[in-house]
Amino acid sequence: MAKQPTKKPEFLRKKLVSLKRKPQAIALVVLLAAFVYYSLNMTKISNTTARIQGQGMGLAGFVTMLFSTLSLVCFLRTFPHRKKTNIPMLVLTFLMLGVIIFADLYYSGVVYNAIHREADPIASTGQSQYIADSIGILRTHWILVAAGAALTALLPLYTPLIRKINTSVEVEGNEEMGVIDISGEDA
């Protein structure tokens, strides 16, 4: 009895083929991961904003969430199916990603200053551990956003490398075929 081939290599081959067709999916997955990470940790960010009440903290959190959503929409509109890259949308995407990184850094700075100020510092231990956690959350978020922006910017460099990956399927019996006569004459 012949051994059945596993489906795993075929699954990976199909994923590689789809990646060769749309290499921008790598950057999209990273940006989507950044959005989901920030969204899932929004409670700690909101609690930190409510506890510290620093100037511009609420606006920075709102801008981060809004521009994260809008940058994903712009990114999807940047690479339309079977059309050239939409340059104005690409510029708008990079602009929004820059604003997200700035808002994260600003928010982290306000939290850091509130924890380390001389007069009446905010304690970030015990039940207020979420305040210290928010700095790590924002650091991870802006690193993910920067990685997504870098992957988007480097897309012209790694696309040819991805397209060089051999995803063809070897079919048994093709080498035994002779020359096919297409002249239409019966021999």
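Draft legend 1. Spotlight on the overall build of the protein. Counting secondary structure elements, the protein contains 7 helices and 0 strands. Listed by position from the N terminus, the elements making up the protein come as α-α-α-α-α-α-α. Looking at the protein as a whole, 32% of its 187 residues qualify as buried. A separation threshold of at least 6 residues defines the contact pool for the protein, and within that pool the share at least 24 residues apart is 77%. Summing over all exposed atoms, the protein offers an accessible surface of approximately 12,800 Å²; the carbon and sulfur share of this is 63%.

Draft legend 2. Quick peek at the packing of aromatic side chains. In the structure shown here, the tally under the stated rule is 1 aromatic pair. Here F75 and F79 contribute two aromatic rings whose centre-to-centre distance is 5.2 Å and whose plane-to-plane angle is 65°, an arrangement assigned as edge-to-face. Taking the relative accessible area as the measure of exposure, F79 reaches 17% and is therefore buried.

Draft legend 3. Summary view of the pattern of salt bridges. Considering all chains together, one arrives at 1 salt bridge under this definition. Between D133 and K44 there is a salt bridge whose closest N-O contact spans 3.6 Å. Pair noted here: D133 is in helix α6 (residues 129–153) and K44 is in helix α3 (residues 42–52), with a separation of 89 residues, a long-range link. Among the residues examined, D133 registers a relative accessible area of 27% and is labelled partly exposed. Overall, the relative accessible area of 32% leaves K44 in the partly exposed class.

Draft legend 4. Quick peek at the layout of surface pockets. Approximately 470 Å³ is the volume attributed to the largest pocket. Along the walls of the largest pocket sit 20 residues, with R21, K22, Q24, F79 and P80 positioned nearest its centre. Elements represented by at least two residues in the lining of the largest pocket include exactly α2 (25–40), α4 (57–78) and α7 (155–163). For the lining of the largest pocket, the element with the highest residue contribution is α7, accounting for 4 residues.

Draft legend 5. Region of the structure containing α7. Among all positions of α7, only L155, Y158, T159 and I162 are buried. One side of α7 carries all its buried residues, which in axial view fall inside an arc of 120°. Among the exposed residues of α7, those oriented more than 90 degrees off its buried face are P156, L157 and L161.

Draft legend 6. Structural context of a nonpolar patch on the surface. On the surface, L59, F62, L66 and L70 cluster together to form a nonpolar patch covering roughly 380 Å² of accessible area. Position of L66 among the secondary structure elements: in helix α4.

Here is what the cut-offs are and how they apply
- Residues numbered from 1 in each chain as written.
- Predicted model: local features only at pLDDT ≥ 70, side-chain atom pairs only at ≥ 80, totals over all residues.
- Heavy atoms only, no water.
- Helix = DSSP H or I, 4+ residues; strand = E, 2+ residues; numbered from the N terminus.
- Buried < 20%, exposed > 50% of the residue type's maximum accessible area, 1.4 Å probe, protein only.
- Contact = heavy atoms within 4.5 Å.
- Areas by Shrake-Rupley, 256 points an atom, 1.4 Å probe, with all protein chains shown as cover.
- Phe/Tyr/Trp six-rings, centres within 6.5 Å; stacked < 30°, edge-to-face > 60°.
- Salt bridge = Lys/Arg side-chain N within 4 Å of Asp/Glu carboxyl O.
- 1 Å grid on protein atoms, 1.4 Å probe; cavity = no way out; pocket = protein on both sides within 12 Å on 5 of 7 lines; lining within 4 Å.
- Points joined across faces, edges and corners; volume = space filled by probe spheres on them.
- Arc of directions from axis to C-beta.
- Patch = residues over 30% accessible without salt bridge, like charges linked within 9 Å, V, L, I, M, F, W, Y side chains within 5 Å.

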